[in-house]
Amino acid sequence: MRPEKSLFNAVLTHFLMGVTLGLSLVLLLGLIDAFHVRDLVAKSSAPVQTTVMLVTTYGLMFGIGAALTGLVLTLEDDS
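Just so you know, these numbers come straight off a predicted model, no measurement behind them.

(A) Highlighting a nonpolar patch on the surface. Taken together, the side chains of Leu-27, Leu-28, Leu-31 and Ile-32 define a hydrophobic patch exposed on the protein surface, amounting to about 410 Å² of accessible area. Tracing the chain through its elements places Leu-27 in helix 1 (residues 7-31). The exposure class assigned to Leu-27 is exposed, which follows from its relative accessible area of 52%.

This is the structure:
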């Protein structure tokens, strides 16, 4: 039998899955130029900072959302 995971490990796992999903989405947004994100970043005054901001925003946004969802699901599963 597998020992039960702690709440922190469960939430951390969900957070990392969300960050991975967010980074995958921003990679797809950059590769598939349907919304002209690549042009927007390239024509900005500071393209490196814009890219870093875009990647961190998407990563944290999806990570925090997945962590909160995982927290709710883990707490509901325990009760």
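More follows now that the structure is in view.
(B) How the structure looks around the packing of aromatic side chains. Tallied over the full model, the rule gives 1 aromatic pair. The interplanar angle of 20° and the centroid separation of 6.4 Å between the aromatic rings of Tyr-58 and Phe-62 together place this pair among those described as stacked. Taken together, the residues span about one helical turn, with Tyr-58 and Phe-62 both in helix 3 (residues 47-78) at a distance of 4 residues. Judged by its relative accessible area of 27%, Phe-62 falls in the partly exposed class.

(C) Region of interest: helix 1. An ideal rise of 1.5 Å per residue puts 36 Å on 25 residues; helix 1 measures up with 36 Å between its terminal C-alpha atoms. All of the buried residues along helix 1 are Ala-10, Val-11, Gly-18, Val-19, Gly-22, Val-26 and Leu-29.

(D) Looking closely at the side chain of Thr-74. With respect to the helices and strands, the residue Thr-74 is situated in helix 3. Exposure remark for Thr-74: the relative accessible area of 17% places this residue in the buried category. Discounting chain neighbours no more than four positions away, the residues touching Thr-74 are Leu-7 and Ala-10.

Rules behind the numbers
Residues numbered from 1 in each chain as written. Predicted model: local features only at pLDDT ≥ 70, side-chain atom pairs only at ≥ 80, totals over all residues. Heavy atoms only, no water. Patch = residues over 30% accessible without salt bridge, like charges linked within 9 Å, V, L, I, M, F, W, Y side chains within 5 Å. Areas by Shrake-Rupley, 256 points an atom, 1.4 Å probe, with all protein chains shown as cover. Salt bridge = Lys/Arg side-chain N within 4 Å of Asp/Glu carboxyl O. Helix = DSSP H or I, 4+ residues; strand = E, 2+ residues; numbered from the N terminus. Buried < 20%, exposed > 50% of the residue type's maximum accessible area, 1.4 Å probe, protein only. Phe/Tyr/Trp six-rings, centres within 6.5 Å; stacked < 30°, edge-to-face > 60°. Expected span 1.5 Å × (residues − 1). Contact = heavy atoms within 4.5 Å.

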